[in-house]
Amino acid sequence: MNNWRTRLVEIKQGQGLKAQLVRGVLGVGGLKLLSMPLTLGASVLLARGLGPEGYGQYVFVLSFITMLALPVGPGIGQLITREVAKYQYSEQWSFFRGVLRRSSQWVVLAATLFLVVVVSAASWNAKWEVNDRWTLLLIASLLVPLFGFNTVRSNTLQGLRHVVLAQLPDVLLRPAVHLLVAAMLLFSGLLNPATALGAQIVGTGVALLVGALFLQRKVPGQVRLSVPQYRTAEWGKAIMPFTLLAAVGTLNSQIGILFLGWLGRPEDVAALQIGMSGSALVVFALALINLVISPHIIKARQEGDKGKLQMLSRYSSRAALLGALPIGLPLIFFGDTIVHYLYGDEYINSAVLPLAILTAGQLFNVACGSVGQFLTMSGYEKDTLLGQVVAMMASVAMAITLVPDFGAVGAAIAVTAGLVIWNLLLAWLFKKRLGFMPTVLG
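An account of the accompanying structure is given in this report. (Residues numbered from 1 in each chain as written. Predicted model: local features only at pLDDT ≥ 70, side-chain atom pairs only at ≥ 80, totals over all residues. Heavy atoms only, no water.)

1. Concerning the packing of aromatic side chains
Next up, step 1: One pass over the full model with this rule turns up seven aromatic pairs.
Next up, step 2: Ring plane angle 15° and centroid distance 6.4 Å describe the contact between Y55 and Y58, whose orientation is recorded as stacked. Highlighted residues: Y55 and Y58, both in helix α2 (residues 17-68), separated by three residues, approximately one helical turn.
Next up, step 3: Judged by relative accessible area, Y55 falls into the buried class, the value being 3%.
Next up, step 4: We classify Y58 as buried; its relative accessible area is 4%.
Next up, step 5: Aromatic pair F60 and F64: ring centres 6.0 Å apart, planes at 15°, arrangement stacked. Pair noted here: F60 and F64 are both in helix α2, with a separation of four residues, about one helical turn.
Next up, step 6: Positioned over the ring face of F95 is R231, at 3.8 Å from the centre of the ring. (Phe/Tyr/Trp six-rings, centres within 6.5 Å; stacked < 30°, edge-to-face > 60°. Helix = DSSP H or I, 4+ residues; strand = E, 2+ residues; numbered from the N terminus. Buried < 20%, exposed > 50% of the residue type's maximum accessible area, 1.4 Å probe, protein only. Lys NZ or Arg CZ within 6 Å of the ring centre and 35° of its normal.)

2. Topic: the environment of G323
Next up, step 1: Turning to its location among the elements, G323 is positioned in helix α13 (residues 306-333).
Next up, step 2: Look at G323 and you get partly exposed, because its relative accessible area is 30%.
Next up, step 3: Sequence spacing of G323 and V371 is 48 residues, and the spatial spacing of their C-alpha atoms is 18 Å.

3. Some points on the pattern of salt bridges
Next up, step 1: Under the counting rule described, the total for this entry stands at five salt bridges.
Next up, step 2: Among the ionic pairs, E83 bridges to K86, the shortest N-O distance being 3.3 Å. Remark: K86 and E83 occur in helix α3 (residues 77-90); sequence separation between them is three residues, near one turn of the helix. (Salt bridge = Lys/Arg side-chain N within 4 Å of Asp/Glu carboxyl O.)

Right, here's the structure in full:
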């Protein structure tokens, strides 16, 4: 009993690597666990309330706008995390303030240009109907500046190692508000693809406001007292690889949705989205571990501590796989029962097989460990980009070939093949750059 108490005290108060990792994982993991029923509830509510066609339209437009908005915010997220962690560690507060100001300026400029182009095109082509894609795209474009400022806020907090506060607004608050507003729309008889996007906008806006308050409280006082200094050329040069990396990574994850929306039917998009929602639960443990370990990877690299890097890789990959197996195996072998009870019989014939294929691919992904995160946070983001590009090309080729004849199943195969290729290539580059194997066997 005393040993357990001692260990709990060490985890709660200790400053060692393992204690910090455990606290971070437990904090972010708690948020993720709380958010899972909210996210799943919104998915089920929208799938049942909108039907396969309406849900497919909603999913496609949201996926498309997320892809288009990458240069505005998400593309610079990892750059912000890396620079903030670096400047805090070296106490270069002027550059800390400078990178925050330049990031916000970039969001304003990029979002303005984006809105001018997209709103002009959508307004010209829109039919002003709730199921019209151009009309839905016009509504969804309001998410773009919100995504951008949310990225600056969350990645700054993450770089400061406030990982729980960084994730709380997006992981917990946004899905809660989204579910609440969507439920109100459903019960009032006003739920359709357009109002569903409106619910997403409200949730994202509330998350941004609350997250901004968190950031204001946690930015070190020295930053506010410092005169901003800039490394604009250096940051600008780094933006392109990070943006391309985010773009290719997002395209790899959304490629099935985008090609089904282009070559298939909205019903196929809805089926694939159900499969992706289920398989995303498998990578839950790996995703939250990635959020926690980023600052620790940067610190270990700056200290030149290869042993700490290897320990980080080993702990993270094994913990992630341990959390993934109890979720993934039931989704593969009992997917028809799960889809029946959650989404209804109208999705069983179309969603069960994509769910199994995507889940198997995510289990392989988890077993390979945090290969992309380690390479990117170690300064080898170009290697990660190379892996993503190769995987994307394979996925695109397979999607073009398989989607017209096999619909959601073909898209699931294309996405899974790209994921496997990405992990194999990055595992080889990881061993070459860092000197040890990244998988659960590392």
